[in-house]
2 protein chains.
Amino acid sequence: MRPKRPSIKDIASRLNVSVTTVSFVLNGKGPEMRISEEVTQRVLSYAKEVNYSPNRLAQSLRTGKSNIIVFMVEDISNPFFARLARIIEVIAYRKGYKVIFCSNENDDRHTQELLQVFRDQQVTGYIIIPSAGAKKQIQALLEAGIPVILFDRYFPGLETNYVVIDNENATYRATRHLIGNGYRDIGFVTLDTSQTQMLDRLKGYKKAVKEVRLKSRVLKLPYRADAPEGESCMRGFFEAHPELDAVFFATNYLTQQGLLVMREHFPGKLTDWGIMTFDDTEFFRIHTPSISAVAQPLEEIGHKLMEIMLELLRDGKETVHQVVLKAELRERDSSRPKAPRGV
Amino acid sequence: MRPKRPSIKDIASRLNVSVTTVSFVLNGKGPEMRISEEVTQRVLSYAKEVNYSPNRLAQSLRTGKSNIIVFMVEDISNPFFARLARIIEVIAYRKGYKVIFCSNENDDRHTQELLQVFRDQQVTGYIIIPSAGAKKQIQALLEAGIPVILFDRYFPGLETNYVVIDNENATYRATRHLIGNGYRDIGFVTLDTSQTQMLDRLKGYKKAVKEVRLKSRVLKLPYRADAPEGESCMRGFFEAHPELDAVFFATNYLTQQGLLVMREHFPGKLTDWGIMTFDDTEFFRIHTPSISAVAQPLEEIGHKLMEIMLELLRDGKETVHQVVLKAELRERDSSRPKAPRGV
DNA sequence: CTGAAAGCGCTAACAC
DNA sequence: GTGTTAGCGCTTTCAG
């Protein structure tokens, strides 16, 4: 490593051939360019001998492509995103792409700044959970002909590739499951936002309770609330609705907050209530009681995302891929039928 | 974005100055090079007008520096690493660096391959949790004069920068805490590995139990065991040692596995036993019972890592930084004194 | 004070 | 079949 890494030029001069020849051989264009078998072999073996590996920067500078895929989520420390990141990473590396992860904190300005940075890096493709107001930036990328895939949510008016799950139906089914197990007053805790995935979840819940003529009780937490604030809101909600016998949290971190609130202020409800969460984590499986969850098919999402990305990179954007996957309901202790309370 | 981005050349020709002048001005070397105030202003304002931003690739190619920092951990989906990643990311971006995360799966070959890829990218600096046999590769980086900081563990013989915590003392104190609360038969569940951090944790445990003449009962799980295997080992261990009244898990994922095993096969022990874990997560706080944990100071580790990294990037490696931070014991329900069992 | 020019390592059109 | 050469966009030495 000390003696500076060999370049194509070094190889060429050492072998008394031109850089072109070397470049062609190394890029597998030997046959195409009808480089003699003998030269090809010499180049190849010498390259291996000196452990040649191309300078990707120079390559990228020249070709305008960096083979870097950006994976932008709200917060990489959310286990849901972290696990997905891992899946994507594995596939991408196998295909010779690198992945840069980053968190946009669901903030438009932050998204904007990050995209700016990446533009400078000639990033090859983007997989993005867009913040609410990022539509314009996404559009800019699309117009520049750069592969973009949204996931988790999308912009209804925008013709882009995306991979999402059927939030409405999944929530609907989970709510019906609660109802089927005897719960009659189901609270729904969500965020006050207009993002598609959250709206759809709310819709699914409402549809289910309406169908069986139950009351809908929704708590919309202020969107950018910090944890303590969210917790006191929930506490107020639970106190104001002593009639509740179940609660459905619309995201995994809401559930975490909610469980904490219940544990501290309403310990009895932890076992009395039906509890359902959206987005499964190891945590919910081990919790006592174990928490029933709507689980997004992480592996499938990751594979689908990369499948589309690779196709886009290969063929350019011929067709728009809009994929809606099904989520899985994982029934656990927290939603089993409880002893009747005489409702 | 459509009309190709402006380059220095474009600016120069538009303003009838040379690229050199523009480059100097844009890099803040105007004063140093005594570029006239007037030209400086013209360049600056025009650059802003066309929203100029340098092509980082070209810059990197020229300078040999990419401003990319690699953050390599065992598994980015481990919440401990994910949260740390987040902290590092924030600091790095603020300083104009990008961060590439990746997971080496604690595997030497994988580490090797990744480092190879990054070498091609002229990565500026590395923050690494090394896999057991990565000493040679780390050494190669050091010899090439590339900033490297290890964390979580280190190689005893190798003079490198690292940030770790005082594993032995932390484990010692946590074990003493259990003992102080009346537990007398404390099992220690760890991995069969020679990595420093795990050895130190074991040492701390042994020191504590020896001091008060208790028996040491250690389960070393096969290093690369998959989850089911680990679980059955633990189950066997618990069954073979009915005298245990507490258990100390040496990593967060061992704890997760352990809790699952207890929940399924020894539900009573979940509340009867004292439980202690290494590495805190949200999860342990919310679990019932809440799990006492030795918490690594994530913020501090992240800041320290970046502080050292920035210094290395600025000054080159003048001194070697070896930082040992203190961990915090978070006492929760799982380690409170239990009703006496008549030991 | 400013400009010309070399060159980072690679690709690819073009020439022989 | 193979070589020459012109850049990609930028930094920096050297000359004025």
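Predicted model, so just to flag it, every value in this text is computed and none were measured.

As for the packing of helix α10 (residues 227-240) of chain A against helix α11 (residues 252-265) of chain A
All names here are of chain A.
So, step 1. Where α10 meets α11, the closest approach of the two axes is 9 Å, and the angle between their N-to-C directions is 60°. Taken together, α10 and α11 sit at an angle that is classed as oblique. Judged by the twist between their axes, the crossing of α10 over α11 is right-handed. Where α10 approaches α11, its residues Ala227, Gly230, Glu231, Met234, Arg235 and Phe238 are matched on the opposing element by Leu254, Gln257, Gly258, Leu260, Val261, Met262 and His265.

Points about the side chain of Thr171(B)
So, step 1. When you line up the elements, Thr171(B) lands in helix α8 (residues 167-180).
So, step 2. Apart from the residues within four sequence positions on either side, Thr171(B) is in contact with Phe188(B), Arg201(B), Gly204(B), Tyr205(B), Phe248(B) and Phe278(B).

Brief notes about the sheet that holds strand β3 (residues 125-128) of chain B
All names here are of chain B.
So, step 1. Strands sit in the order β2-β1-β3-β4-β5-β11 across an open sheet of six strands; the sheet is parallel. Both outer strands of the open sheet, β2 (98-103) and β11 (322-325), are each paired with one neighbouring strand and no more. Geometrically, the sheet is characterised by an average inter-axis angle of 15° between neighbouring strands, direction not taken into account.
So, step 2. Examined bridge by bridge, strand β5 (residues 161-165) and β11 share four bridges and lie parallel to one another. Bridge assignment links Val163 to a residue of β11, and that residue is Val323.
So, step 3. Helix α7 (residues 135-143) rests against β3 and β4 (148-151) of the sheet, and its axis sits at about 150° to β4.
So, step 4. Each of β1 (68-73), β3, β4, β5 and β11 touches helix α14 (residues 298-315); the most contacted strand, β4, lies at about 165° to it.

Overview of the interface of chain B and chain A
So, step 1. Counting residues at the interface gives 55 residues for chain B and 54 residues for chain A.
So, step 2. Here chain B is connected to chain A by six salt bridges.
So, step 3. Where Asp75(A) meets Arg86(B), a salt bridge forms, and the shortest distance between an N and an O atom there is 3.2 Å.
So, step 4. Taken together, the elements giving at least two residues each to the side of chain B that touches chain A come down to α4 (56-63), α5 (79-94), β2, α6 (108-120), α7, α11 (252-265) and α13 (282-286) of chain B.
So, step 5. Classifying every residue of the side of chain B that touches chain A by side-chain character gives 24 nonpolar, 15 polar and 16 charged.

Quick word on the protein's contact with DNA strand C
So, step 1. Taken together, 26 residues lie near DNA strand C, and Ile8(A), Tyr52(A), Arg62(A), Arg34(B) and Arg62(B) sit nearest.
So, step 2. Of all atoms in DNA strand C that approach within 4 Å of the protein, 64% are sugar or phosphate atoms.
So, step 3. Tyr52(A) has a polar side-chain atom sitting 2.5 Å from a phosphate oxygen of DNA strand C.
So, step 4. Between Asn55(A) and DNA strand C, the recorded distance is 3.1 Å, taken from a backbone N or O atom to a phosphate oxygen.

Brief notes about unusual backbone geometry
Both trends apply: most residues other than glycine have a negative phi, and most peptide bonds are in trans.
So, step 1. Pro289(A) follows Thr288(A) through a cis peptide bond whose omega is -5°.
So, step 2. Secondary-structure assignment places Pro289(A) in the loop between α13 (282-286) and β10 (292-295).
So, step 3. The residue Asp279(A) is not glycine, and still its phi comes out positive at about 80°.
So, step 4. You can see Asp279(A) is positioned in the loop between β9 (274-278) and α13.
So, step 5. The exposure class assigned to Asp279(A) is buried, which follows from its relative accessible area of 6%.
So, step 6. Of note, the phi angle at Asn106(B) is positive, near 55°, even though the residue is not glycine.
So, step 7. On the basis of relative accessibility, which here comes to 9%, the residue Asn106(B) falls in the buried class.

Examining the environment of Pro156(B)
So, step 1. Within the fold, Pro156(B) resides in the loop between β4 and β5.
So, step 2. Sequence separation between Pro156(B) and Thr196(B) is 40 residues; the distance between their C-alpha atoms is 7.9 Å.

Criteria and cut-off values
Residues numbered from 1 in each chain as written. Chains lettered and ligands numbered in written order. Predicted model: local features only at pLDDT ≥ 70, side-chain atom pairs only at ≥ 80, totals over all residues. Heavy atoms only, no water. Axes fitted to C-alpha atoms, helices over the stretch in contact; angles between N-to-C directions. Helix = DSSP H or I, 4+ residues; strand = E, 2+ residues; numbered from the N terminus. Parallel < 35°, antiparallel > 145°, perpendicular 65-115°, else oblique. Left-handed = near helix turned anticlockwise from the far one by under 90°. Contact = heavy atoms within 4.5 Å. Pairing = 2+ DSSP bridges. Salt bridge = Lys/Arg side-chain N within 4 Å of Asp/Glu carboxyl O. Nonpolar A, V, L, I, M, F, W, Y, C, P; charged D, E, K, R; others polar. Near = heavy atom within 4 Å. Polar contact = N/O pair within 3.5 Å; in protein donor to acceptor, adjacent residues only side chain to side chain. Buried < 20%, exposed > 50% of the residue type's maximum accessible area, 1.4 Å probe, protein only.

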